[in-house]
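A closer look at the structure
Here is how the chains run, residue by residue.
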Amino acid sequence: MTTQEQREYLTAGLVPVDCHGCPTRVLVRKSSAEQTSVQWTGHPAASCPEFAARVAAGELSARIEGCPKLRASIEHAVAEGLIEVRDG
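Now for a quick tour of the structure. The residue numbers shown here count from 1 along each chain, following its written sequence. Restriction of local features to residues with pLDDT of at least 70 applies here, the model being predicted, together with a cutoff of 80 or more for giving and counting side-chain atom pairs; totals for whole chains, interfaces and linings are based on all residues. Only hydrogens and water are set aside when side-chain values are computed; all heavy atoms of the structure are taken into account.

1. Observations concerning the nonpolar core
The set of buried Ala, Val, Leu, Ile, Met, Phe, Trp, Tyr and Cys residues whose side-chain atoms join them within 4.5 Å is what this entry labels a nonpolar core. Burial status follows relative accessibility: with a 1.4 Å probe on protein chains alone, a residue under 20% of its type maximum counts as buried, one over 50% as exposed, and anything between as partly exposed. Val 17, Val 28, Leu 70, Ile 74 and Ile 83 are the most contacted members of the largest nonpolar core, which totals 13 residues. Every element with two or more residues in this core is listed here: β2 (25–30) and α4 (68–79). Here a helix means four or more residues in a row that DSSP labels H or I, a strand means two or more in a row labelled E, and each is numbered from the N terminus. The greatest single-element share of this core, amounting to 3 residues, is contributed by α4. We call two residues contacting when some pair of their heavy atoms lies within 4.5 Å. For Ile 83, the residues in contact, after removing those within four places along its chain, are Val 15, Val 17, Val 28, Lys 30, Ile 74, Ala 77 and Val 78.

2. Quick notes on the packing of aromatic side chains
Between 30 and 60 degrees the pair is tilted, below 30 it is stacked and above 60 it is edge-to-face, where a pair is any two Phe, Tyr or Trp rings, Trp via its six-membered ring, whose centres lie within 6.5 Å. Scanning all chains against the criterion turns up 1 aromatic pair. A ring pair is formed by Trp 40 and Phe 51, whose centres lie 5.0 Å apart and whose planes are at 65 degrees; its orientation type is edge-to-face. Of this pair, Trp 40 sits in strand β3 (residues 36–40) while Phe 51 sits in helix α3 (residues 49–56), and the two are 11 residues apart along the sequence. In this structure Trp 40 comes out as partly exposed when scored by relative accessible area, which is 27%.

By themselves, these are just geometric observations and shouldn't be taken as functional.
Set out below in structure tokens:
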């Protein structure tokens, strides 16, 4: 696989989603109703208050499952048809 093919494989179908609770913007792909891929465009604790508070309390950002407000924003984008669910 060429570098270009790898890049396309990793980024194809990613859609920008803005959190309704903070200035966070992520890239999202839904391969199925159950599977959601989220690519952060920066360090989560730098823009997301939920991540920032938990990192400040000593948690590792890589171990934080996610933010409820961001999850709701992604679900809203899916419901509005802004994100295509590939198997659905």
